[in-house]
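Inside the fold
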Amino acid sequence: HILMDLWEREKDFGMYWNIEGDLVTLDRPGTCAGAFALLALAEGCRQYPEKEGLRRCYRQACGKYYEDFVLTGRSFAGPVDIWEADDSESIAALTDALLQQYQLYGDDADLKKALDAAKLFATWCVNYQPAFPGGSTLEGINVCGGVLANVQNRHIGPGICTNSARFVYDLGQLTGDSRWTDLYLRIKAAAINCTSTYDGEFCGNTFDQNFAKGMLSEQINMTNSLNAAGETWRVSASWPSTAVLLGWFDSPEN
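Description of the structure in this document.

**Some words on helix H8 (residues 238–249)**
An α-helical turn contains 3.6 residues, so a residue and the one three or four places further along point in the same direction. An ideal rise of 1.5 Å per residue puts 16 Å on 12 residues; H8 measures up with 16 Å between its terminal C-alpha atoms. Turning to H8, its buried residues number three or more, namely Pro240, Ala243 and Gly247. Projected down its long axis, H8 carries its buried residues within an arc of 50°, all on one side. Turned more than 90 degrees away from the buried face of H8 sit Leu245, Trp248 and Phe249, all of them exposed. On its buried face, H8 sits against helix H7 (178–193).

Quick look at the structure:
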(Lines give C-alpha, C1' and ligand atoms only; values in the text may rest on other atoms or scores of the structure.)
Protein backbone atom coordinates (compact mmCIF):
# COMPACT_ATOMS: atom_id res chain seq x y z
CA HIS A 1 0.00 0.00 0.00
CA ILE A 2 2.88 2.42 0.75
CA LEU A 3 4.42 1.84 -2.68
CA MET A 4 1.12 2.25 -4.48
CA ASP A 5 0.32 5.41 -2.51
CA LEU A 6 3.75 6.88 -3.26
CA TRP A 7 3.35 6.16 -6.92
CA GLU A 8 -0.08 7.76 -7.07
CA ARG A 9 1.21 10.96 -5.42
CA GLU A 10 4.84 11.18 -6.58
CA LYS A 11 5.24 8.95 -9.65
CA ASP A 12 8.53 8.00 -8.02
CA PHE A 13 9.85 5.81 -5.20
CA GLY A 14 12.80 8.03 -4.40
CA MET A 15 15.87 7.16 -2.40
CA TYR A 16 15.01 8.17 1.18
CA TRP A 17 11.58 8.30 2.78
CA ASN A 18 10.31 10.68 5.44
CA ILE A 19 7.98 8.66 7.66
CA GLU A 20 7.41 11.27 10.38
CA GLY A 21 4.14 12.72 9.04
CA ASP A 22 0.75 11.24 8.26
CA LEU A 23 1.92 10.40 4.74
CA VAL A 24 5.22 8.88 3.64
CA THR A 25 7.04 11.46 1.53
CA LEU A 26 10.24 11.41 -0.51
CA ASP A 27 13.36 13.21 0.68
CA ARG A 28 15.40 12.29 -2.36
CA PRO A 29 13.36 11.78 -5.57
CA GLY A 30 14.69 11.26 -9.08
CA THR A 31 17.15 8.41 -8.48
CA CYS A 32 17.26 4.79 -9.60
CA ALA A 33 17.32 3.49 -6.01
CA GLY A 34 13.59 2.85 -6.39
CA ALA A 35 14.32 0.04 -8.85
CA PHE A 36 14.33 -2.23 -5.81
CA ALA A 37 10.75 -1.14 -5.10
CA LEU A 38 9.87 -2.44 -8.58
CA LEU A 39 11.07 -5.88 -7.50
CA ALA A 40 8.76 -5.73 -4.47
CA LEU A 41 5.87 -4.80 -6.76
CA ALA A 42 6.73 -7.67 -9.10
CA GLU A 43 6.48 -10.12 -6.22
CA GLY A 44 3.19 -8.53 -5.18
CA CYS A 45 1.81 -9.00 -8.69
CA ARG A 46 2.93 -12.62 -8.63
CA GLN A 47 1.23 -13.27 -5.30
CA TYR A 48 -1.94 -11.24 -5.96
CA PRO A 49 -2.66 -11.38 -9.71
CA GLU A 50 -6.26 -10.30 -9.11
CA LYS A 51 -5.21 -6.85 -7.83
CA GLU A 52 -5.50 -4.63 -10.89
CA GLY A 53 -4.24 -1.52 -9.08
CA LEU A 54 -1.04 -3.30 -8.10
CA ARG A 55 -0.45 -4.46 -11.65
CA ARG A 56 -1.10 -0.98 -13.03
CA CYS A 57 1.32 0.60 -10.54
CA TYR A 58 4.05 -1.92 -11.40
CA ARG A 59 3.60 -1.53 -15.16
CA GLN A 60 3.57 2.26 -15.05
CA ALA A 61 6.59 2.41 -12.75
CA CYS A 62 8.58 0.02 -14.95
CA GLY A 63 7.84 2.21 -17.94
CA LYS A 64 8.97 5.41 -16.23
CA TYR A 65 12.12 3.90 -14.75
CA TYR A 66 12.99 2.49 -18.17
CA GLU A 67 12.64 5.94 -19.73
CA ASP A 68 14.52 7.72 -16.95
CA PHE A 69 17.40 5.33 -16.34
CA VAL A 70 17.80 3.00 -19.33
CA LEU A 71 17.10 5.30 -22.26
CA THR A 72 19.30 7.96 -20.67
CA GLY A 73 22.06 5.45 -19.84
CA ARG A 74 22.26 6.85 -16.29
CA SER A 75 21.35 4.63 -13.34
CA PHE A 76 22.52 5.81 -9.95
CA ALA A 77 21.93 5.77 -6.17
CA GLY A 78 21.39 2.03 -5.84
CA PRO A 79 23.88 1.77 -2.93
CA VAL A 80 21.88 4.62 -1.21
CA ASP A 81 25.02 6.09 0.38
CA ILE A 82 26.28 7.18 -3.05
CA TRP A 83 23.82 9.72 -4.38
CA GLU A 84 25.10 10.79 -7.78
CA ALA A 85 27.55 8.15 -9.01
CA ASP A 86 26.37 5.64 -11.59
CA ASP A 87 26.36 2.12 -10.18
CA SER A 88 25.80 -1.52 -11.06
CA GLU A 89 23.31 -2.31 -8.29
CA SER A 90 20.53 -0.05 -9.52
CA ILE A 91 20.73 -1.14 -13.16
CA ALA A 92 20.86 -4.80 -12.07
CA ALA A 93 17.67 -4.35 -10.03
CA LEU A 94 15.98 -2.52 -12.88
CA THR A 95 16.98 -5.22 -15.38
CA ASP A 96 15.55 -7.86 -13.06
CA ALA A 97 12.30 -5.91 -12.61
CA LEU A 98 11.86 -5.37 -16.35
CA LEU A 99 12.55 -9.03 -17.06
CA GLN A 100 10.03 -10.13 -14.45
CA GLN A 101 7.50 -7.88 -16.15
CA TYR A 102 7.97 -9.95 -19.33
CA GLN A 103 7.83 -13.20 -17.37
CA LEU A 104 4.56 -12.14 -15.76
CA TYR A 105 2.75 -10.73 -18.80
CA GLY A 106 4.55 -12.01 -21.91
CA ASP A 107 4.71 -8.71 -23.77
CA ASP A 108 7.60 -8.75 -26.29
CA ALA A 109 8.11 -5.02 -25.76
CA ASP A 110 8.94 -5.75 -22.11
CA LEU A 111 11.58 -8.27 -23.15
CA LYS A 112 13.22 -5.64 -25.34
CA LYS A 113 13.26 -3.24 -22.40
CA ALA A 114 14.89 -5.89 -20.23
CA LEU A 115 17.52 -6.53 -22.90
CA ASP A 116 18.27 -2.82 -23.19
CA ALA A 117 18.78 -2.63 -19.43
CA ALA A 118 20.85 -5.83 -19.38
CA LYS A 119 23.26 -4.40 -21.94
CA LEU A 120 23.89 -1.49 -19.58
CA PHE A 121 24.37 -3.86 -16.66
CA ALA A 122 26.86 -5.95 -18.66
CA THR A 123 29.13 -2.92 -19.05
CA TRP A 124 29.85 -3.17 -15.32
CA CYS A 125 31.15 -6.74 -15.61
CA VAL A 126 34.87 -7.43 -16.05
CA ASN A 127 35.22 -9.37 -19.31
CA TYR A 128 38.86 -10.44 -19.01
CA GLN A 129 41.25 -11.83 -16.41
CA PRO A 130 43.27 -8.88 -15.10
CA ALA A 131 46.88 -9.42 -14.17
CA PHE A 132 47.27 -8.37 -10.53
CA PRO A 133 50.69 -7.15 -9.33
CA GLY A 134 53.20 -9.84 -8.48
CA GLY A 135 53.24 -10.66 -4.80
CA SER A 136 49.83 -9.12 -4.17
CA THR A 137 47.09 -11.01 -2.34
CA LEU A 138 45.11 -11.41 -5.56
CA GLU A 139 47.97 -12.50 -7.80
CA GLY A 140 46.68 -15.35 -9.98
CA ILE A 141 43.04 -14.96 -8.87
CA ASN A 142 40.60 -14.99 -11.80
CA VAL A 143 38.01 -12.23 -11.37
CA CYS A 144 36.64 -12.35 -14.91
CA GLY A 145 32.92 -11.78 -14.37
CA GLY A 146 33.44 -9.61 -11.31
CA VAL A 147 30.94 -6.75 -11.11
CA LEU A 148 32.35 -3.26 -10.62
CA ALA A 149 30.52 -1.45 -7.83
CA ASN A 150 30.16 2.13 -9.08
CA VAL A 151 32.16 5.01 -10.50
CA GLN A 152 32.87 6.36 -7.01
CA ASN A 153 34.13 3.08 -5.50
CA ARG A 154 35.92 1.65 -8.50
CA HIS A 155 36.43 -1.89 -7.31
CA ILE A 156 34.84 -5.29 -7.87
CA GLY A 157 31.92 -6.03 -5.54
CA PRO A 158 32.59 -9.04 -6.21
CA GLY A 159 28.94 -10.17 -6.72
CA ILE A 160 26.04 -7.80 -7.44
CA CYS A 161 26.15 -6.58 -3.84
CA THR A 162 23.55 -8.84 -2.14
CA ASN A 163 21.77 -9.77 -5.36
CA SER A 164 21.62 -13.02 -7.27
CA ALA A 165 22.56 -12.95 -10.95
CA ARG A 166 19.79 -15.42 -11.78
CA PHE A 167 18.02 -12.81 -13.94
CA VAL A 168 21.01 -12.93 -16.32
CA TYR A 169 20.60 -16.70 -16.69
CA ASP A 170 16.85 -16.33 -17.26
CA LEU A 171 17.52 -13.75 -19.95
CA GLY A 172 19.75 -16.22 -21.76
CA GLN A 173 17.11 -18.92 -21.57
CA LEU A 174 14.34 -16.65 -22.84
CA THR A 175 16.36 -15.21 -25.74
CA GLY A 176 18.41 -18.28 -26.66
CA ASP A 177 21.53 -16.08 -26.51
CA SER A 178 24.24 -18.09 -24.74
CA ARG A 179 26.27 -14.95 -24.01
CA TRP A 180 23.91 -14.17 -21.14
CA THR A 181 24.26 -17.68 -19.73
CA ASP A 182 28.05 -17.37 -19.97
CA LEU A 183 27.94 -14.04 -18.16
CA TYR A 184 25.79 -15.55 -15.39
CA LEU A 185 28.34 -18.33 -14.85
CA ARG A 186 31.26 -15.88 -14.85
CA ILE A 187 29.61 -13.58 -12.29
CA LYS A 188 29.12 -16.53 -9.95
CA ALA A 189 32.63 -17.87 -10.53
CA ALA A 190 34.32 -14.52 -9.86
CA ALA A 191 32.57 -14.19 -6.50
CA ILE A 192 33.48 -17.74 -5.51
CA ASN A 193 37.09 -17.22 -6.60
CA CYS A 194 37.36 -14.28 -4.18
CA THR A 195 36.14 -16.34 -1.22
CA SER A 196 38.80 -17.67 1.17
CA THR A 197 39.11 -21.41 0.72
CA TYR A 198 41.44 -21.75 3.71
CA ASP A 199 42.36 -19.64 6.75
CA GLY A 200 44.62 -16.76 5.76
CA GLU A 201 44.27 -17.04 1.96
CA PHE A 202 43.18 -13.39 1.89
CA CYS A 203 44.37 -10.92 4.47
CA GLY A 204 43.14 -7.44 3.65
CA ASN A 205 45.06 -4.43 2.43
CA THR A 206 46.97 -3.77 5.67
CA PHE A 207 47.89 -7.42 6.27
CA ASP A 208 46.67 -7.23 9.86
CA GLN A 209 43.60 -9.43 9.54
CA ASN A 210 43.78 -12.91 8.08
CA PHE A 211 40.43 -13.96 6.69
CA ALA A 212 39.09 -17.25 7.97
CA LYS A 213 37.89 -19.90 5.57
CA GLY A 214 34.68 -18.77 3.86
CA MET A 215 35.21 -15.04 4.43
CA LEU A 216 34.83 -12.60 1.55
CA SER A 217 35.76 -8.94 1.15
CA GLU A 218 33.46 -6.46 -0.58
CA GLN A 219 36.45 -4.69 -2.14
CA ILE A 220 38.55 -6.39 -4.81
CA ASN A 221 40.92 -3.73 -6.08
CA MET A 222 41.92 -3.83 -9.75
CA THR A 223 43.45 -0.36 -9.45
CA ASN A 224 44.81 1.85 -6.65
CA SER A 225 41.74 4.12 -6.60
CA LEU A 226 40.89 2.57 -3.20
CA ASN A 227 43.82 1.04 -1.34
CA ALA A 228 46.36 -0.95 -3.35
CA ALA A 229 45.83 -2.78 -6.63
CA GLY A 230 45.71 -6.54 -6.11
CA GLU A 231 44.60 -6.22 -2.49
CA THR A 232 41.26 -6.63 -0.73
CA TRP A 233 39.70 -4.45 1.92
CA ARG A 234 40.48 -5.78 5.40
CA VAL A 235 36.80 -6.24 6.31
CA SER A 236 34.90 -9.41 5.54
CA ALA A 237 31.41 -8.34 4.46
CA SER A 238 28.05 -10.07 4.62
CA TRP A 239 26.70 -8.63 1.36
CA PRO A 240 29.03 -10.38 -1.13
CA SER A 241 28.67 -13.55 0.93
CA THR A 242 24.90 -13.24 0.50
CA ALA A 243 25.39 -12.95 -3.26
CA VAL A 244 27.44 -16.18 -3.22
CA LEU A 245 24.77 -17.98 -1.18
CA LEU A 246 21.99 -16.74 -3.47
CA GLY A 247 24.06 -17.84 -6.45
CA TRP A 248 24.01 -21.36 -5.03
CA PHE A 249 20.36 -21.24 -3.97
CA ASP A 250 19.13 -19.79 -7.28
CA SER A 251 21.25 -22.07 -9.42
CA PRO A 252 19.15 -23.83 -12.09
CA GLU A 253 20.54 -27.14 -10.84
CA ASN A 254 18.87 -26.65 -7.45
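**Some thoughts on the nonpolar core**
Membership of the largest hydrophobic core comes to 53 residues, with the highest contact counts inside it found for Phe13, Leu38, Leu94, Phe121, Val168 and Ile187. The set of elements that each furnish at least two residues to this core consists of helix H1 (2–10), helix H2 (35–47), helix H3 (52–70), helix H4 (88–105), helix H5 (108–122), helix H6 (166–175) and H7. Looking at this core, the element that brings in the most residues is H3, giving nine residues. Not counting residues up to four positions away in its chain, the partners in contact with isoleucine 187 are Phe121, Cys125, Gly145, Val147, Ile160, Ala165 and Val168. In terms of nonpolar packing, the next biggest core, distinct from the first, is built from 11 residues, Phe132, Ile141, Val143 and Cys194 among them.

**Observations regarding the packing of aromatic side chains**
Each aromatic ring pair is summarised here by two numbers: the centre-to-centre distance and the angle between the ring planes. Using the criterion set out here, one finds six aromatic pairs in the structure. Relative to tyrosine 184, the ring of tyrosine 169 lies with its centre 5.3 Å away and its plane at 55°, an arrangement referred to as tilted. In this pair, tyrosine 169 is assigned in helix H6 and tyrosine 184 in helix H7, connecting sequence segments 15 residues apart. The class of tyrosine 169 is buried, set by a relative accessible area of 15%. Here a set of aromatic residues connected by ring pairs shows up, and it is made of Trp7, Phe13, Tyr65, Phe69 and Phe76. Looking at lysine 51, its charged tip hangs above the ring of tyrosine 48, at a distance of 5.8 Å from the centre.

**Some details on the environment of valine 126**
Checked against the element boundaries, valine 126 lands in the loop between H5 and H6. For valine 126, a relative accessible area of 6% translates into the label buried. Distance in space between the C-alpha atoms of valine 126 and glycine 146 is 5.4 Å, their sequence separation being 20 residues. Contacts of valine 126, omitting those with residues within four sequence positions, involve Val143, Cys144, Gly145, Gly146, Leu148, Ile156 and Met222.

What counts and how
Residues numbered from 1 in each chain as written. Predicted model: local features only at pLDDT ≥ 70, side-chain atom pairs only at ≥ 80, totals over all residues. Heavy atoms only, no water. Helix = DSSP H or I, 4+ residues; strand = E, 2+ residues; numbered from the N terminus. Expected span 1.5 Å × (residues − 1). Buried < 20%, exposed > 50% of the residue type's maximum accessible area, 1.4 Å probe, protein only. Arc of directions from axis to C-beta. Contact = heavy atoms within 4.5 Å. Core = buried A, V, L, I, M, F, W, Y, C linked by side-chain atoms within 4.5 Å. Phe/Tyr/Trp six-rings, centres within 6.5 Å; stacked < 30°, edge-to-face > 60°. Lys NZ or Arg CZ within 6 Å of the ring centre and 35° of its normal.

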